[in-house]
Amino acid sequence: SLGGPATATIAPVDDGPQTLYVQSKDRAGHASPTQEYRIYVRAGNGPLAQWSLDGNAKDTAFLGDRDGTTYGTVRYAGGAVGTGLRLEGDGQVVAPNTVRTDGSFSVTAWAKLDKAGDQSYTVVSQHGQNMCSFCLQYQADKKAWVWVLPQADSANPPGWSYVQSPAVAGEW
């Protein structure tokens, strides 16, 4: 504003020590001397939830308040790193919904099929009111890992988004 304070909302692009350079211009386009402000941006808090499944179903993220519960045939065996969860038949881990799917989000999982057979498996999913909010699964009919995302949480969504990649038995 003319002759008064100005406010700008910015987001740092990185953490750690940063320098903010500030300069103003008057109506005639004359620039003020540049001022430097040293700030320190703390690192992010990491994932909202994380289940390493390295011998238990505890949430190992910074907040760590979304522990899972195992059901069915569940055991721990050699994983890609350390031990991992081995699910057979009806085995599953259930944990509270964590991901806000109304904005940008990411979900990762390491999974290995013993065989790319005729049975489909879900590796990770989150349920909505009517169906999954998202689902990462092995689809036997496609012999592929498939990321499934309905375009709306309804009994009959208007469409689906899919991403798929060939599944190779025995590979992480």
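Everything quoted here is computed from the prediction, not taken from an experiment.

Cut-offs applied
Residues numbered from 1 in each chain as written. Predicted model: local features only at pLDDT ≥ 70, side-chain atom pairs only at ≥ 80, totals over all residues. Heavy atoms only, no water. Salt bridge = Lys/Arg side-chain N within 4 Å of Asp/Glu carboxyl O. Helix = DSSP H or I, 4+ residues; strand = E, 2+ residues; numbered from the N terminus. Core = buried A, V, L, I, M, F, W, Y, C linked by side-chain atoms within 4.5 Å. Buried < 20%, exposed > 50% of the residue type's maximum accessible area, 1.4 Å probe, protein only. Contact = heavy atoms within 4.5 Å. Phe/Tyr/Trp six-rings, centres within 6.5 Å; stacked < 30°, edge-to-face > 60°. Lys NZ or Arg CZ within 6 Å of the ring centre and 35° of its normal.

Undergrad: Run through the pattern of salt bridges, naming residues and quoting values.
TA: According to the stated counting rule, one finds four salt bridges in the structure shown. R66 is the partner of D65 in a salt bridge, and the nearest nitrogen-oxygen pair spans 3.1 Å. Here R86 ties to D114 by a salt bridge, and the two come within 2.4 Å at their closest N and O atoms. Separated by 28 residues along the polypeptide, R86 in strand β4 (residues 83-94) and D114 in the loop between β4 and β5 (121-127) bring together distant segments of the chain.

Undergrad: Any details on the nonpolar core? Residues and values, ideally.
TA: Formed by A111, L113, Y138, A140, W145 and A167, the largest nonpolar core amounts to six residues. Discounting chain neighbours no more than four positions away, the residues touching A167 are L113, A116, Y138, K143, A144 and W145. Among the nonpolar cores identified, the runner-up in size contains five residues, and C135, A144, V146 and V148 belong to it.

Undergrad: Break down the packing of aromatic side chains for me, with residues and values.
TA: Applying the stated criterion across every chain yields a total of five aromatic pairs. Ring centres of Y138 and W145 lie 6.0 Å apart, and the angle between their planes is 70°; on these two criteria the pair is classed as edge-to-face. An aromatic cluster of three or more residues is present, and its members are F105, F134 and W147. Sitting above the plane of the Y162 ring, K142 keeps its charged end 6.0 Å from the centroid.

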